[in-house]
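Topology and contacts: notes
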Amino acid sequence: MNWGANGRKRSVAYALTGAVLLLAAGCATKPKQVEPERLVWPAAPLTTRIEFVRSITSESDLKRDTTFSQKLLNWLGGVKAPAKRIVEPMGLAVSDDGQRVYVSNFGQQAVFAFDFSEKTFTEIAQLAHPLGLALDAQGQLYVIEQGKKRISIFDQAGDRLRSITHPDIVRPSGIAIDRARARIYLADTGRARREGKPPAGHNIKIFNLDGELLDTIGKGFGDEPGQFRFPTYLTLDANGNLYVTDTLNSRVQVFDPDGNYVKKFGERGNAWGMFDKPKGVAVDSFGNVYVADSGWSNVQIFNQKGQVLLFFGGRGHFPGMLKNPTAITIDADNNIYVADFVNHRINMYRLVNTTAEDSFLVPLAESEDSDEVKPKQAGAQIDNTPSKGGEI
């Protein structure tokens, strides 16, 4: 099964052509507005797997789902963004029913909560460098406040309930909650030297829900299996396996519920399945792994064998494109939310036309179509200009 991965250029061309036609029509007699083709990956004639749905930028997106045409016109025309808008999103969480989306608004020092069923907006303000977000089984929100080296917990109304901290927390970034085992996983990218003890940091700390430090995952600072260089974002799969984006090692490492190293995805490079600065990581309902790469400004999808299936996004301002994405999360219906850091928005995509069987690639030798290039054999470089610089 070939998901394809070179559909971005054609998809963008179609959408831009539609935009030009739409603007030309607007300058005449305002005929019936035609919705331009949405961005999809891969492009026809291959089967569409990912489609861009919408962007979320501010409180105003609760009151109406602005059409793609209007979003495009606003983008082309440079329409000023409304108040209460997202600035530098660094963390994401979505409720179990898919109706509430939480965004850590690093540039605003706040968390925004968008409730699309109730059409309500909640702001949790005056936070100290909010980063990773997670939800527990009761819908309580866990927010990493990196500036205060703690995890703050809020109820659905946005009221602070309590905080978790520890002397060994240095520079927390990502968080995940294992509800079945009542654990909190915290990625720590700092290193603290303690008298008479080895340096703490560049590891994953495991807490219980009461805030007691139980254990750590990580064999120190380095590039060997189980070692880390700036672990940033975390997620869990249905079996409780932990996925860690090891950002400066350009890989994702996987650990079982007992903390044992299992495998890795990716390495540094610019071909399929390789990374520049991987950050957000998420798992869909089929167990496929999505990794947002801040350097390449795209999202790559891997199956459980580590084979790359597809990438989507690409660097740009155009609606549906990305600039230095950070967090990613996926709801139960396989709606995909990506924090588009430099564009100051959340992009929503949807996985379509896909079953569990589609996650397994057919080896080239077993394919009847010898002209079909499989992702595993594809040596073509990813055609995104890498972004250098930016914070880890």
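Above this text sits the structure in question.
To keep things clear, this report deals only with the structure shown in the data block. Per chain, the residues get numbers from 1 upward, laid out in the order the sequence is written. Only residues with pLDDT of at least 70 get local features here, since the model is predicted, and only at 80 or more are side-chain atom pairs given and counted; chain-wide, interface and lining totals rely on the full set of residues. By convention in this description, side-chain values take in all heavy atoms of the structure and omit both hydrogens and water.

Here we look at the overall build of the protein
Helix and strand assignments follow DSSP, with helices taken as H or I runs no shorter than four residues and strands as E runs no shorter than two, numbered in order from the N terminus. Secondary structure summary: the protein contains 3 helices and 25 strands in total. Exposure is judged per residue with a 1.4 Å probe applied to protein chains only, and the accessible area is read against the type maximum: over 50% gives exposed, under 20% gives buried, and values in between give partly exposed. Here the protein holds 392 residues, and the buried ones make up 57% of them.

Points about the environment of Gln-156
For Gln-156, the location among the structural elements is in the loop between β9 (150-154) and β10 (160-165). Along the chain, Gln-156 and Gln-140 lie 16 residues apart, while their C-alpha atoms are 6.2 Å from each other.

Focus: the sheet that holds strand β16 (residues 242-246)
Any two strands are treated as partners once DSSP identifies two or more bridges connecting them. Ordered in space as β15-β16-β17-β18, the 4 strands form an open sheet in which the pairing is antiparallel. Only two strands of the sheet have a single neighbouring strand rather than two, namely β15 (231-236) and β18 (261-265). If you compare each strand with its neighbour and ignore which way they point, the axes differ by 25° on average. The pairing of β15 with β16 spans 4 bridges and is classified as antiparallel. Residue pairing in the sheet places Pro-231 in a bridge with Asp-246 of β16. Comment: axis = line fitted to C-alpha atoms, over the contacting stretch for helices; angle = value between 0 and 180 degrees taken between N-to-C directions.

Structural notes on unusual backbone geometry
Backbone torsion omega between Trp-41 and Pro-42 reads -15°, so that peptide bond is classified as cis. Relative to the helices and strands, Pro-42 resides in the loop between β1 (40-41) and β2 (50-56). The peptide bond linking Ala-44 to Pro-45 adopts the cis configuration, its omega dihedral lying at 15°. If you check the backbone angles, Ser-250 has positive phi at about 55° while not being a glycine. Using a relative accessible area of 0% as the deciding quantity, one classes Ser-250 as buried. Phi is positive for Asn-353, close to 55°, though the residue is something other than glycine. As for its placement among the helices and strands, Asn-353 is situated in the segment after β25 (345-351).

Focus: the sheet that holds strand β24 (residues 335-340)
In any sheet, the strands associate via hydrogen bonds between backbone groups, in a parallel or an antiparallel arrangement. Read from one edge to the other, the open sheet built from 5 strands follows the order β1-β2-β25-β24-β23, with strand pairing classed as antiparallel. For this open sheet the edge positions go to β1 and β23 (325-330), each flanked by a neighbour on one side alone. Inspection of the sheet shows β2 paired to β25 by 6 bridges, in the antiparallel sense. Residue pairing for β25: Glu-51 is matched across the bridge by Arg-350.

Digging into the pattern of salt bridges
One speaks of a salt bridge when a side-chain nitrogen belonging to Lys or Arg is within 4 Å of a carboxyl oxygen belonging to Asp or Glu. Counted under the stated rule, the structure contains 12 salt bridges. Measuring nitrogen to oxygen at the nearest pair gives 2.9 Å for the salt bridge that ties Asp-96 to Arg-179. Of this pair, Asp-96 sits in the loop between β3 (89-94) and β4 (100-105) while Arg-179 sits in the loop between β11 (172-178) and β12 (183-194), and the two are 83 residues apart along the sequence. Since its relative accessible area comes to 37%, Arg-179 is described here as partly exposed. For Arg-345, the salt bridge goes to Asp-340, with nearest N and O atoms at 2.7 Å. One exposure class covers both Arg-345 and Asp-340, and it is buried. Linked by salt bridges that have partners in common, Glu-145, Arg-150 and Arg-160 make up one network.

A closer look at the packing of aromatic side chains
Ring pairs are drawn from Phe, Tyr and Trp, using the six-membered ring of Trp, whenever the two centres fall within 6.5 Å, and their geometry is named by plane angle: stacked under 30 degrees, edge-to-face over 60, tilted for the rest. Per the stated rule, a full pass over the model turns up 13 aromatic pairs. Ring centres 5.9 Å apart and planes at 50° place the aromatic pair Trp-41 and Phe-312 in the tilted group. Linking Trp-41 in strand β1 with Phe-312 in strand β22 (residues 308-313), this pair joins segments that are 271 residues apart in sequence. Taking the relative accessible area as the measure of exposure, Trp-41 reaches 1% and is therefore buried. Measuring from ring centre to ring centre gives 6.3 Å for Phe-112 and Phe-114, while their planes differ by 75°; the resulting arrangement is edge-to-face. Take Phe-112: its relative accessible area is 1%, and that puts it in the buried class. Phe-114 gets classed as buried once you look at its relative accessible area, which sits at 0%.

Description of the pairing of β4
For β4, the tally of buried residues reaches 6 of 6 residues, placing the bulk of the element in the interior. The two faces of β4 match: Arg-100, Tyr-102 and Ser-104 on one face and Val-101, Val-103 and Asn-105 on the other face are all buried. Direction of pairing for β3 relative to β4: antiparallel, over a ladder of 5 bridges. Residue pairing for β4: Pro-89 is matched across the bridge by Asn-105. Taking the residues that link successive antiparallel strands as the turn, the β3-β4 hairpin has 5 residues, and the phi of Gly-98 there is positive, at about 75°. Sheet topology places β4 next to strand β5 (residues 110-115); 6 bridges connect them, and they run antiparallel.

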